[in-house]
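# Summary of structural features
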Amino acid sequence: QEQLVESGGGLVQPGGSLRLSCAPSGVVFSLHVMGWYRRAPGKQRELVARISEGGTTTYTDSVQGRFTISRHLNTMYLQMNSLKPEDTGVYYCYAVIQKTYYTGTYDSWGQGTQVTVSS
């Protein structure tokens, strides 16, 4: 099964921006719904944003208007602007992958990338 590979995390000051990227480690036939989740310190993992194969997006209330999820070919992005300390956490990408035309789908997760918002 293909794994998802994330990049783009790091340390940023409040009010700053970061862009996360996520793509499969190998060639796949199709990526269906994709999304970003995060686990803040001491909290459960939560959905941040999701994008359908057709491009329909949903966001959790706390990031609405600040984060933008997008996808191009087999890569998904999360543009994060006006970052706040409460956005700190490990961000995981998620996708429903179809490896070939003839196979079914399966869920795949990235290994996580740390985002720290601090002055």
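Residues numbered from 1 in each chain as written. Predicted model: local features only at pLDDT ≥ 70, side-chain atom pairs only at ≥ 80, totals over all residues. Heavy atoms only, no water.

### Thoughts on the overall build of the chain
Assigned secondary structure in the chain consists of zero helices and eleven strands. Counting from the amino terminus, the chain carries its helices and strands in the arrangement β-β-β-β-β-β-β-β-β-β-β. Taking 14 Å as the expected radius of gyration for a compact globule of 119 residues, we find that the chain reaches 14 Å, a close match to that expectation. Along the three orthogonal principal directions, the C-alpha set of the chain runs to about 50 × 25 × 25 Å. In the chain, which comprises 119 residues, the proportion classed as buried is 42%. Sequence-distant contacts, at least 24 apart, represent 56% of the contacts inside the chain between residues at least 6 apart. Looking at the chain as shown, the accessible area adds up to about 6,300 Å², and 49% of this sits on carbon and sulfur atoms. (Helix = DSSP H or I, 4+ residues; strand = E, 2+ residues; numbered from the N terminus. Rg over C-alpha atoms; globule rule 2.2 N^0.38 Å. Buried < 20%, exposed > 50% of the residue type's maximum accessible area, 1.4 Å probe, protein only. Contact = heavy atoms within 4.5 Å. Areas by Shrake-Rupley, 256 points an atom, 1.4 Å probe, with all protein chains shown as cover.)

### Focus on the state of the cysteines
For the structure shown, the criterion picks out one disulfide. Put simply, Cys22 and Cys93 are joined by a disulfide, and their sulfur atoms are 2.1 Å apart. Here the disulfide of Cys22 and Cys93 is right-handed, its torsion about the S-S bond being about 60°. Of the two residues, Cys22 sits in strand 3 (residues 18–24) while Cys93 sits in strand 9 (residues 89–98), which places them 71 residues apart along the sequence. Taking the relative accessible area as the measure of exposure, Cys93 reaches 0% and is therefore buried. (Disulfide = S-S within 2.5 Å.)

### Structural notes on the side chain of Ser30
The topology assignment puts Ser30 in strand 4 (residues 30–39). Using a relative accessible area of 10% as the deciding quantity, one classes Ser30 as buried. Excluding residues that lie within four positions of it along the chain, Ser30 makes contacts with Glu53, Val96, Ile97 and Gln98.

### Side note on the nonpolar core
Formed by 27 residues in total, the largest nonpolar core has its most connected members in Trp36, Leu78, Met80 and Tyr91. Going through the elements one at a time, strand 3, strand 4, strand 5 (45–51), strand 7 (67–72), strand 8 (75–80), strand 9 and strand 11 (113–117) are the ones with two or more residues in this core. In terms of residue count, the dominant contributor to this core is strand 9 (four residues). The contact partners of Leu78, leaving out residues within four places of it in the chain, are Leu18, Arg19, Leu20, Trp36, Val48, Ala49, Phe67, Thr68, Ile69 and Tyr91. (Core = buried A, V, L, I, M, F, W, Y, C linked by side-chain atoms within 4.5 Å.)

### Considering the sheet that holds strand 7
Sheet architecture is open: four strands sit in the order 1-3-8-7, paired in antiparallel fashion. Each of the sheet's edge strands pairs with one partner strand only, and the pair in question is strand 1 (4–7) and strand 7. Taking each pair of neighbouring strands and ignoring which way they run, the sheet shows an average axis angle of 15°. In terms of strand pairing, strand 7 meets strand 8 through six bridges, oriented antiparallel. When the sheet's bridge partners are listed, Ser70 is paired in strand 8 with Tyr77. (Pairing = 2+ DSSP bridges. Axes fitted to C-alpha atoms, helices over the stretch in contact; angles between N-to-C directions.)

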